[in-house]
Amino acid sequence: MDVAKGLAILLVIIGHTVKFGGATRNVIFSFHMPLFFILSGYTFRLAGDFSAFVQRVKKLIRHLIYPSLIVSAIGIFAHWLMQDQHTVSALWAVTKHMADALWWASGVGVHAHPGLGALWFLFSLFWAKLFMDGIHLLFPGTKTGYIFVGIGLFGMALGLKGKWLPQNMDVTFMAMLFLYVGMLWKSYADWLERHESLCFMASVIIWMACLNVPMYIEMATRSYPWTICSVVEAVCGSYAVCCLCKALVANVRVRYVFQFIGMHTLLIFLIHNLDWIAGAVWQNPSAGTASVLRVLVVLSVSFFVYVIGCFYRKRMA
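Sequence order sets the numbering: in each chain, residues are counted from 1 along the sequence as written. Note on the predicted model: pLDDT of at least 70 is required for a residue's local features to be given, and 80 or more for side-chain atom pairs to be given and counted; whole-chain, interface and lining totals, by contrast, use all residues. Side-chain measures here rest on the full set of heavy atoms in the structure, leaving out hydrogens and waters.

Examining the overall build of the protein
- Secondary structure counts use DSSP, requiring at least four H or I residues in a row for a helix and at least two E residues in a row for a strand, with both numbered from the N terminus. When you go through the protein residue by residue, the secondary structure sums to 15 helices and zero strands.
- Put simply, the radius of gyration uses C-alpha atoms, and a globule should come to 2.2 Å times the residue count raised to 0.38. Since a compact globule built from 317 residues should have a radius of gyration of about 20 Å, the 20 Å found for the protein is in line with a globular shape.
- Judged by the C-alpha coordinates and their principal axes, the protein covers about 60 × 50 × 45 Å.
- Of all 317 residues assigned to the protein, the portion counted as buried reaches 47%.
- Here the contacts in the protein between residues at least 6 apart in sequence split such that 73% fall between residues at least 24 apart. Relative accessibility thresholds used throughout: buried, under 20% of the residue-type maximum; exposed, over 50%; partly exposed, between the two (1.4 Å probe, protein chains only). Any pair of residues with heavy atoms lying within 4.5 Å of one another is described as a contacting pair.

Examining the nonpolar core
- Within the largest apolar cluster, 89 residues are counted, with the highest numbers of intra-cluster contacts made by F121, M174, F178 and M219.
- Among the elements that take part in this core, helix α8 (residues 169-187) stands out by supplying 13 residues, more than any other.
- Contacts of F121, omitting those with residues within four sequence positions, involve M33, F36, F37 and F269. Joining through side-chain atoms within 4.5 Å is the link that ties buried Ala, Val, Leu, Ile, Met, Phe, Trp, Tyr and Cys residues into a set, and such a set is a nonpolar core.

Observations regarding α8
- Helix length check: α8 (19 residues) gives 27 Å between terminal C-alpha atoms against 27 Å at 1.5 Å per residue, within 8%.
- With 16 of 19 residues buried, α8 lies mostly within the body of the structure. One fewer than the residue count of a helix, multiplied by 1.5 Å, yields its expected span.

Considering the side chain of Q167
- Relative to the assigned elements, Q167 resides in the loop between α7 (144-160) and α8.
- Residue classification places Q167 among the buried positions, given a relative accessible area of 12%.
- Within the local environment of Q167, its side chain forms a polar contact with the backbone oxygen of W103, the two atoms lying 2.9 Å apart.
- Beyond its immediate stretch of four places on either side in the chain, Q167 contacts L102, W103, W104, A105, F123, W127 and T172. Counted as a polar contact is a pair of N or O atoms within 3.5 Å, where, for protein atoms, one must be capable of donating a hydrogen and the other of accepting one, and residues adjacent in sequence contribute only when both atoms are in side chains.

Describing the pattern of salt bridges
- Salt bridge, as applied in this entry: a Lys or Arg side-chain nitrogen positioned within 4 Å of an Asp or Glu carboxyl oxygen. For the coordinates displayed, the defined rule picks out six salt bridges.
- D133 is paired through a salt bridge with R56; the nearest N and O atoms lie 2.6 Å apart. Of the two residues, D133 is situated in helix α6 (residues 120-138) and R56 in helix α4 (residues 50-82); the sequence distance between them amounts to 77 residues. Like R56, D133 is buried.
- Put simply, E193, E196 and K246 are held in one network by salt bridges that share partners.

Concerning helix α12 (residues 252-263)
- The terminal C-alpha atoms of α12, which comprises twelve residues, lie 16 Å apart, in line with the 16 Å expected from a rise of 1.5 Å per residue.
- Among the residues making up α12, those that are buried are F258, I261 and G262. Each buried residue of α12 lies within a common arc of 100 degrees when the element is viewed along its axis, so the set occupies one face. In α12, the exposed positions that point more than 90 degrees away from the buried face belong to R253 and M263.
- Between the side-chain oxygen of the N-cap and the backbone nitrogen of R253 there are 3.1 Å, and the N-cap of α12 in question is N251. Note: the arc covers the axis-to-C-beta directions of the helix.

Quick notes on the packing of aromatic side chains
- Two aromatic rings, drawn from Phe, Tyr or Trp (for Trp, its six-membered ring), form a pair once their centres lie within 6.5 Å of each other, and the interplanar angle then sorts them: stacked below 30 degrees, edge-to-face above 60, tilted otherwise. Under the definition given, this model contains 17 aromatic pairs.
- Taking 6.3 Å as the distance between ring centres and 85 degrees as the angle between the ring planes, the aromatic pair formed by W120 and F121 counts as edge-to-face.
- What makes F121 buried here is its relative accessible area of 8%.
- Arranged with centres 5.0 Å apart and planes meeting at 75 degrees, the rings of F126 and W127 form a pair that is edge-to-face.
- Under the relative-accessibility criterion, F126 is labelled buried at 6%.
- Following the ring pairs from residue to residue traces out a cluster consisting of F36, F37, W120, F121 and F269.
- Two thresholds decide whether a charge sits over a ring: the Lys NZ or Arg CZ must be within 6 Å of the ring centre and within 35 degrees of the ring normal. Lying across the ring of F29, R25 places its NZ or CZ 3.9 Å from the centre.
- Positioned above the aromatic ring of W164, the side-chain terminus of R222 is 4.0 Å from the ring centre.

A short note on the environment of G41
- By the element assignment, G41 lies in helix α3 (residues 32-42).
- On the accessibility criterion, G41 (1% relative accessible area) is buried.
- As for G41 and F178, which are separated by 137 residues in sequence, their C-alpha atoms are 7.3 Å apart.
- When residues no more than four places from it in sequence are discounted, the contact partners of G41 are L179, G182 and M183.

Below, the structure written as structure tokens:
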């Protein structure tokens, strides 16, 4: 799990750096965000009662919403300091712009409102888990999986029709579908383990066939080519990458590096959302060089923040 998350977060950074429409970006976008939702679903356990639901809400706010707001606040001041005017009115304008982006929580601009960027993932993950818990509690003893799939397809329809909702809600509905895939993956883990070679080959064939079209899902922009086919492609790509990660685990050094990165995915993701501040450091005419520099900048700053956090916790103890 951690190795897959570690590889995925590095691919997120690279995918946001390489040329739009290029083969590298297409491959990465064909699975990387669905993979995060699927992995989250794999470890997700539906709340058993209302008390557990309340605790889940508090935990998700603490782990997902608070960090998003902190990063957004840092972004507000960074934008204000880096622009020409440093007046109170200029700061208020930047704040209103960010508040608008937070309300819509969309990865890209929507209905003349600004995009929030990659932070959309945290908002959608927050709401998707709450909705799934709520549905589970409202309809106890029923096969809620059918409801999750239905809501996911409804979200896809909204996105395709251009009905983009506040709080990125239409994408959140799609996220519920991938979370449920992760839950199914966990339920059938033993069967998949027994037929891993066959499932891996089938997944690679379907994944490569879709990429050859080319066709790939892009949740932030609500791009679902061939509707359900892009979902199947994302699931197959995610499964194939996870199988590859199991192979990487065989090398101890590689495993520890990716495992460490995967254990601190949220921190790296948040730093990545602010790496535009150091854009002059990693900007390069070569997309490959720019990607490497950007990854190094993000990992270096993340590790520095991690060390400071460890030192602070040690002092507090």
